Amino acid sequence: MRETGIKPAVAVIGAPLDLGAGRRGVDMGPSAVRVAGLGGRLQALGFDVTDLGNVHVAQAESVGDSGPDDAKFLPQIAASCERLGELVAQALHLGKIPLVLGGDHSIAVGSVAGVSRFFRESNAKVGLIWVDAHADMNTPQSSPSGNVHGMPLACCVGVGPDALTHMFGFCPKVDAANVALVGIRDVDILERGTVRGTGVRAFTMREIDERGMRAVIDEAVGIATLGTAGFHLSLDMDFVDPQYAPGVGTPVRGGATYREAHLAMEVVSDSNQMVSMEVVEVNPVIDEVNRTADLAVELILSAMGKKIL
Ligand SMILES: [Mn+2]
């Protein structure tokens, strides 16, 4: 997308949803990332930037009933994801790269549905690189918490509540064979069965330690681009070690270092195959002077092509 000679365009879409998370605060993530200078810093990199504002999401305090215990706020989350998916597809129709700011990770169901629907119109499919401390492949049956932000990747490959798996009338949104899950170090016992059963390629932190980030992301790009029109990058900031990214929904130690995280994004950028991106789970409530949001902007810039030289 960068070789066309036309100034590439990015459409920023905020998705301030926190109904999928147990801990409150990620609804402020889009603001924190904007305050960290996202728009100006993307423009400085040569992008034409349009900010579409935030997609409407329900507020927990005004919903009252949290719905099913095994998939809390499911109807509200599905409605938000549908609205988000529409905006993402519209941005792609305008030739822009959708950049979604979360919000908890359940919003990825909407982003991926929108991207997939767009490419489906031209009989193409999309790959998915999911960068995360967790597998996000729980189901209502396996989830210990009933929090939907632990389920979105399973939904993208067709496993989960119909309201999420069949959004826009088709399922799955992505073939499991085109999914790479990178950076996991905290997977629930029953969730492991879904990871193995669906056949997504999961790169654990151990594999990153042993093979190096470069080799792992190269392979992930290969999986996500095999027979696809490109891939969506879903970046959960908890991928990065809490030492560098303390302000996230669910911190887990043992994550990517600052340099490894940048390298991962730089290798993604080198592929020139990323068609859309989202950054989720920035939680300003437990952050330190917005440094996790600032790192989120840095990683976005690296994924979008910022180089040291
Ligand atoms: Mn996640």
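Predicted model, so just to flag it, every value in this text is computed and none were measured. (Residues numbered from 1 in each chain as written. Predicted model: local features only at pLDDT ≥ 70, side-chain atom pairs only at ≥ 80, totals over all residues. Heavy atoms only, no water.)

## Some thoughts on the confidence of the model for the protein
Atomic detail in the predicted coordinates should be set aside for any region of low pLDDT.
Right, on to step 1. Across the protein, pLDDT averages 96, with 98% of residues at or above 70.
Right, on to step 2. The secondary-structure element of the protein with the lowest mean pLDDT is helix H3 (residues 60-63), recorded at 92, while strand E4 (residues 127-131) shows the highest, at 99. (pLDDT = per-residue confidence, 0-100. Helix = DSSP H or I, 4+ residues; strand = E, 2+ residues; numbered from the N terminus.)

## Quick notes on the coordination of the manganese ion
Right, on to step 1. Ligation of the manganese ion by protein atoms is provided by His-105 (ND1), Asp-132 (OD), Asp-136 (OD) and Asp-236 (OD), these donors lying 2.0 to 2.3 Å from the ion.
Right, on to step 2. Each donor residue of the manganese ion lies on one chain, and together they are spaced H-x26-D-x3-D-x99-D.
Right, on to step 3. What makes Asp-132 buried here is its relative accessible area of 0%.
Right, on to step 4. Taking relative accessible area as the criterion, Asp-136 reaches 4% and is therefore assigned buried. (Donors = N, O, S within 2.8 Å, 3.2 Å for Na, K, Ca; no water. Buried < 20%, exposed > 50% of the residue type's maximum accessible area, 1.4 Å probe, protein only.)

## Some details on the sheet that holds strand E7 (residues 231-236)
By way of backbone hydrogen bonds, the strands of a sheet pair with one another, either parallel or antiparallel.
Right, on to step 1. Taking strand neighbours across the sheet as the criterion, the 8 strands line up as E2-E1-E3-E8-E7-E4-E5-E6 in an open arrangement whose pairing is parallel. The sheet is open, and its two edges are formed by strand E2 (48-54) and strand E6 (201-204), each paired on a single side. Mean inter-strand twist for the sheet, computed between neighbouring axes without regard to direction, equals 15 degrees.
Right, on to step 2. Both strand E3 (residues 97-102) and strand E8 (residues 274-280) contribute to a ladder of 3 bridges, which runs parallel. (Pairing = 2+ DSSP bridges. Axes fitted to C-alpha atoms, helices over the stretch in contact; angles between N-to-C directions.)

## Overview of helix H11 (residues 258-271)
Right, on to step 1. Over its 14 residues, H11 extends 21 Å from the first C-alpha to the last, a length consistent with the 20 Å expected when each residue adds 1.5 Å.
Right, on to step 2. Of all the residues in H11, the buried ones are Ala-261, His-262, Ala-264, Met-265, Glu-266, Val-267, Val-268, Ser-269 and Ser-271.
Right, on to step 3. The secondary structure elements touched by the buried residues of H11 are helix H10 (213-225), E7, E8 and helix H12 (291-303).
Right, on to step 4. Taken from the residues just after H11, Asn-272 is the one with a positive phi, measuring 55 degrees. (Expected span 1.5 Å × (residues − 1). Contact = heavy atoms within 4.5 Å.)

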